[in-house]
There are 4 protein chains.
Amino acid sequence: MQLGLIGLGRMGGNMRDRLRAAGHEVVGYDPRPEVSDVASLADLAGALSAPRVVWVMVPSGEPTRGAVRALRDVLDTGDLVIDGGNSRYTDDAPNAALLDEKGIGYLDVGVSGGIWGKANGYGLMAGGSAEHVERAMPIFDALRPEGPREEGFVHAGPVGAGHFSKMVHNGIEYGLMQAYAEGFELLSAAELVTDVPGVLQAWSRGTVVRSWLLDLLVDALQQDPGLAKLDDYVEDSGEGRWTIEEAIQHAVPLPVISAALFARFASRQDSSPAMRAVAALRQQFGGHAVRTATGPTGTPGEHAGPTSGTGSTQN
Amino acid sequence: MQLGLIGLGRMGGNMRDRLRAAGHEVVGYDPRPEVSDVASLADLAGALSAPRVVWVMVPSGEPTRGAVRALRDVLDTGDLVIDGGNSRYTDDAPNAALLDEKGIGYLDVGVSGGIWGKANGYGLMAGGSAEHVERAMPIFDALRPEGPREEGFVHAGPVGAGHFSKMVHNGIEYGLMQAYAEGFELLSAAELVTDVPGVLQAWSRGTVVRSWLLDLLVDALQQDPGLAKLDDYVEDSGEGRWTIEEAIQHAVPLPVISAALFARFASRQDSSPAMRAVAALRQQFGGHAVRTATGPTGTPGEHAGPTSGTGSTQN
Amino acid sequence: MQLGLIGLGRMGGNMRDRLRAAGHEVVGYDPRPEVSDVASLADLAGALSAPRVVWVMVPSGEPTRGAVRALRDVLDTGDLVIDGGNSRYTDDAPNAALLDEKGIGYLDVGVSGGIWGKANGYGLMAGGSAEHVERAMPIFDALRPEGPREEGFVHAGPVGAGHFSKMVHNGIEYGLMQAYAEGFELLSAAELVTDVPGVLQAWSRGTVVRSWLLDLLVDALQQDPGLAKLDDYVEDSGEGRWTIEEAIQHAVPLPVISAALFARFASRQDSSPAMRAVAALRQQFGGHAVRTATGPTGTPGEHAGPTSGTGSTQN
Amino acid sequence: MQLGLIGLGRMGGNMRDRLRAAGHEVVGYDPRPEVSDVASLADLAGALSAPRVVWVMVPSGEPTRGAVRALRDVLDTGDLVIDGGNSRYTDDAPNAALLDEKGIGYLDVGVSGGIWGKANGYGLMAGGSAEHVERAMPIFDALRPEGPREEGFVHAGPVGAGHFSKMVHNGIEYGLMQAYAEGFELLSAAELVTDVPGVLQAWSRGTVVRSWLLDLLVDALQQDPGLAKLDDYVEDSGEGRWTIEEAIQHAVPLPVISAALFARFASRQDSSPAMRAVAALRQQFGGHAVRTATGPTGTPGEHAGPTSGTGSTQN
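All of the points below concern the structure found in this document. (Residues numbered from 1 in each chain as written. Chains lettered and ligands numbered in written order. Predicted model: local features only at pLDDT ≥ 70, side-chain atom pairs only at ≥ 80, totals over all residues. Heavy atoms only, no water.)

## Focus: the relation of the copies chain D and chain C
Mapping chain D onto chain C calls for a rotation angle of 180° and an axial translation of 0.0 Å; the resulting RMSD is 0.0 Å. Those values place the two copies in the arrangement expected of a two-fold rotation axis. Ranked by how close their C-alpha atoms come to the rotation axis, the residues of chain D are headed by Ser211 of chain D, at 2.0 Å. In this assembly the copies share their binding face: 100% of the residues contributing to the interface of chain D also contribute to that of chain C. (Least-squares fit on C-alpha atoms with pLDDT ≥ 70 in both. Contact = heavy atoms within 4.5 Å.)

Shown next as structure tokens:
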């Protein structure tokens, strides 16, 4: 079928390729002329036969809202817009309302798979009406992995349910990544295991912890066994934060996902004000040697850990 | 090859089946005569040609130590004992030393796969000398999943490294399980998603969070979509505790794995003394309504959450 | 000086008493005629000489917003409104803007002290202009504890800074309470200490952990040594949630305060969906005995903890 | 009364001063002749009249065990040894047994108060027999703060209960410190509050969070308002670790105290292997820009946080 596709970055570009390979006719638009199929959104609308289906794949927040507004102007009653970006689910109802003013339909679709989706297919979670989902199904079938439809696609609920599901997916992802990472660190720290990358690789089949993320970590360790070439600086892309905020809204305890998010926050700090405050307290009550910003004030031995305590550092 | 196998419970029994299916000759011993191949450990030793290899698959701690001691008595110099149980890695060096007194070799092997291992193969992590690993390799090859050896087996290091790896594997497992569980709870609590089991199933292919544990959760949800038939009471089998203790030893922060362990501890409490103490404090400083062990003391509205606060409950 | 006071619940009523005891003239309004000094807000405005100062002490959110709107109608240019309730700091700028339309000033004041404030004084954190703070200072001086002004009062910054400070105060409070509570539980669980209430009482002087919250816990334990009369059900009043949301906004890791908040969430669950999911996973991969909603399926011994594991429950 | 005192470091020296000021006769021994009252333990024993009481105030572990052994040699039946150091409670029974071989009594006493104890008195938690506690009471009364005995001293239980109580005290202390530190960081990060030290100082009286630790933090902030002179490197002295290990032993969830301990561990890492692993995973699945050990590989904008995401970094 025909599809308009707005946003031809790494994800959008890959999706265009996968859809075309499946025999669909994709008209892509991107502000960068070198990758765009048409010169404008108006041209995109003109290149598609009504009723049109247009997939938006641009950054969440204002860029997506802007695309929705622009599409409202160039599309017509009966057309359908799909937001496949990483939008916060609370953006979906307003987006749908904007389009509904002109009789244009709306679906929100969470998309997972990263750069591997082009080859493997993308996991898809859709929110909206059954009628709209049905209309876009050929696109979903082309984007999702091979196999039973229900193992790579779900109609999760009404508008917003797709992005909500994707948000939770990413929250879980934070927890999974941190769990593997903690295990990797402990294996490395103990120095009893002489082949840490080999241990992780041996978990690839048969074990309880086997997963695609584990496979990726095995790949990374084969390229750089101690991960020494990487900085311990980890971004977060918003969904983890939204997950915690949503949990707070519903009084759901998320100790693991929040710990994973906070570990990322901490990873980006050059100096932690909180830990400076703890150091200050130890200095105040115990006369404990602390490190100043320019170096230790105490004797080296006093930093060597809990076994090196002396009677003088008691609290 | 020939193998003695001590302990024919669910794991040991399955392993005997899998080894025999692969053409190995297994002589199994278990105190329950109805499953045992021989009447005693002496008979087991007698049924095997030297140099013997005997796999111990009994509960960790005293039962395993007892089996090692008993094997020392019935085996000879040049034989090899493999502890495939869930022993703490700190038990391995003493076990090896016990056997070494008589010139008997020792390997510790972490085994993962649960009841699925019989069909799928088990992930194996071995600790000990290269020579001993080499001697037992036909057994390892039969037990591990099909595919490249290094994806289901590793020689992790010296004696202890196998069980250490398995311990960390299980620590990671705790974190992974809790991450999925938290996501499941949030999806369920928000009530926007109308098909929670469907969302998890749609993550089975293509997504970043796909894994074997996810597949199992999908299976469980197909049998009982709200998991309403289960109690929220979760055991722990020791490895998670050991993982945290080991992390403390090495000053490795494990916020996610510890949170997962503590969630299990909390799940088993009928009443949390800590939370009673928090309730007591709120009552003391704020005159907050609290629930007594027999029911609320305040008006019902005062329990309805943060939006129901009144000027009178301020602190 | 003269003060109008809206909201005569536990906090407002106590504050009226303390202010009058300090010689101030307080005109209180409450919808409950039996506690109110005047019949309406219009009467309250009429009873005060311009420029008026009116303190609002009602529940946060819509009640406070409603009071601010109503005061805008009955007050005049040059008057001053103080929100002393537990408002979210993001409500302050809109409240101030509403009043500014008519030339009425605004201060937000975080108030801590609970029911003890009437006797001991309240800790106060004010946000707004220096001029407004100065005008209300006699009221602040009467409400705050005796001693140096800066030990019970602060002009924390512009509008919003008072409630922001109070929000963080309460977030810290959650962490402190949980820390004591965890210690209490561990002391009780270990059964080595034969006088747990006595240990906490002995921390009252000289120790690093001495505090007012500790004193309150000692009081509670003297009334009920095991806190057996209380349910382990703990409300939260919103500020803890806001604290975490604010931390997420600023990428500040708050592992302790979030853990304290989540412990409260968990305390209110009859059955944790997350822990049912973990139980389901254990059942799936390991054939572990689990408890169903109506009772255990396994043998009793299989619930007895990590030392009771058998070879058959291995993963 | 007469007291032998072994270990004249900061704590022991201060305690000698405080005891002498209270009129007790203290014979101190330290390997450093410039602070020692006697030349050897034998001289110390000789200088005291039987039945002797000797207080040991040396580093925990081997130094304390060594002092106990040495005292067994120079003391006699009926004498009493008090370990006032920061020993792990599991050391107490062996120490008591060593001394009991010769009929020498033993008390373990947890001591809190740091360098302030000399002036303010020390909080004391004793473990051992009532008879031994009674004999040493004049010493306890001199060391503890003024006020009711039970507010600065407790006979917590049998041998070990004193150090157990002190261990839990310190675990709580970790949680309290981290709670204040997190609040300090959030106040600082938000930039709405213009006087962060002033806010903490205003909590000194009347508020729910007032405490001695808060007073110390206020002092530290008056010397260095942003704590900019300190490094964010925080030692731990063992008791926090023991607290978590003990909690694991008893299946007690300690989310706050463990989070505080792990924050200290993390504060001491130059580069976190776990966070490098998370960064590696993000790079693998999403083609996310990461920082290498020598600098960012992506464009600066890609590090600016969740709002700067682009369609190309989707997972």
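## Examining the sheet that holds strand E4 (residues 80-83) of chain C
Residue and element names in this part refer to chain C. Judged by pairing direction, the sheet is mixed, and its seven strands sit side by side in the order E2-E1-E3-E4-E5-E6-E7 without closing on themselves. The sheet is open, and its two borders are formed by strand E2 (25-29) and strand E7 (153-157), each paired with just one other strand. Within the sheet, the average angular offset between the axes of one strand and its neighbour, ignoring direction, is 25°. Where helix H3 (residues 62-74) meets the sheet, it contacts strand E1 (2-6), strand E3 (53-56) and E4, and its direction lies at approximately 160° from that of E3. Strand contacts of helix H4 (residues 92-100): E4 and strand E5 (105-112), with the helix running at about 145° to E5, the strand carrying the most contacts. (Pairing = 2+ DSSP bridges. Helix = DSSP H or I, 4+ residues; strand = E, 2+ residues; numbered from the N terminus. Axes fitted to C-alpha atoms, helices over the stretch in contact; angles between N-to-C directions.)

## Considerations on the interface of chain D and chain C
Of the residues lining the interface, 73 residues belong to chain D; the matching set on chain C comes to 73 residues. It is Leu186, Arg205 and Val208 of chain D that lose the most area in chain D upon contact with chain C, and together they represent 12% of the buried surface on that side. For the interface between chain D and chain C, the tally reads two salt bridges. A salt bridge links Glu151 of chain C to Arg205 of chain D; the nearest nitrogen and oxygen atoms lie 2.6 Å apart. Scanning the region where chain D abuts chain C turns up 20 residue pairs in polar contact (both at pLDDT 80 or more). Broken down by element, the side of chain D that touches chain C gets its largest block of residues, 19 residues, from helix H7 (residues 161-190) of chain D. A class-by-class count of the residues in the side of chain D that touches chain C yields 39 nonpolar, 24 polar and ten charged. (Buried area = accessible area lost by both parts, 1.4 Å probe. Salt bridge = Lys/Arg side-chain N within 4 Å of Asp/Glu carboxyl O. Polar contact = N/O pair within 3.5 Å; in protein donor to acceptor, adjacent residues only side chain to side chain. Nonpolar A, V, L, I, M, F, W, Y, C, P; charged D, E, K, R; others polar.)

## Some words on the relation of the copies chain D and chain A
Between chain D and chain A, which share one sequence, the superposing operator has a rotation angle of 180° and an axial displacement of 0.0 Å; the RMSD is 0.0 Å. Most of the interface of chain D is mirrored in chain A: 99% of its interface residues are interface residues there too.

## Side note on the side chain of Gln178 of chain B
Structurally, Gln178 of chain B can be placed in helix H7 (residues 161-190). By relative accessible area, Gln178 of chain B is classed as buried at 3%. (Buried < 20%, exposed > 50% of the residue type's maximum accessible area, 1.4 Å probe, protein only.)

## A few points about the interface of chain D and chain A
On the side of chain A, 81 residues touch chain D, which itself brings 82 residues to the contact. Summed over both sides, the interface of chain D with chain A buries roughly 7,100 Å², with 58% coming from carbon and sulfur. Where chain D touches chain A, the interface holds zero salt bridges. Counting across the chain D and chain A interface gives 14 residue pairs in polar contact (both at pLDDT 80 or more). Within the residue set of the side of chain D that touches chain A, elements represented by two or more residues are helix H1 (10-21), strand E5 (105-112), H7, helix H9 (212-223), helix H11 (255-267), helix H12 (273-286) and strand E8 (291-292) of chain D. Per-element accounting of the side of chain D that touches chain A gives the leading share, 14 residues, to H12 of chain D. Classifying every residue of the side of chain D that touches chain A gives 33 nonpolar, 31 polar and 18 charged.

## So, the nonpolar core
In this structure, Phe164 and Trp203 of chain A, Trp203 of chain B, Trp203 of chain C together with Trp203 of chain D are the most contacted members of the largest nonpolar core, which totals 248 residues. Once you skip the residues sitting within four places of it in the chain, Trp203 of chain B turns out to touch Met125, Glu151, Ser165, Val168, His169 and Ile172 of chain A together with Leu187, Val209, Arg210 and Leu214 of chain B. (Core = buried A, V, L, I, M, F, W, Y, C linked by side-chain atoms within 4.5 Å.)

All we've got here are geometric facts, nothing functional implied.
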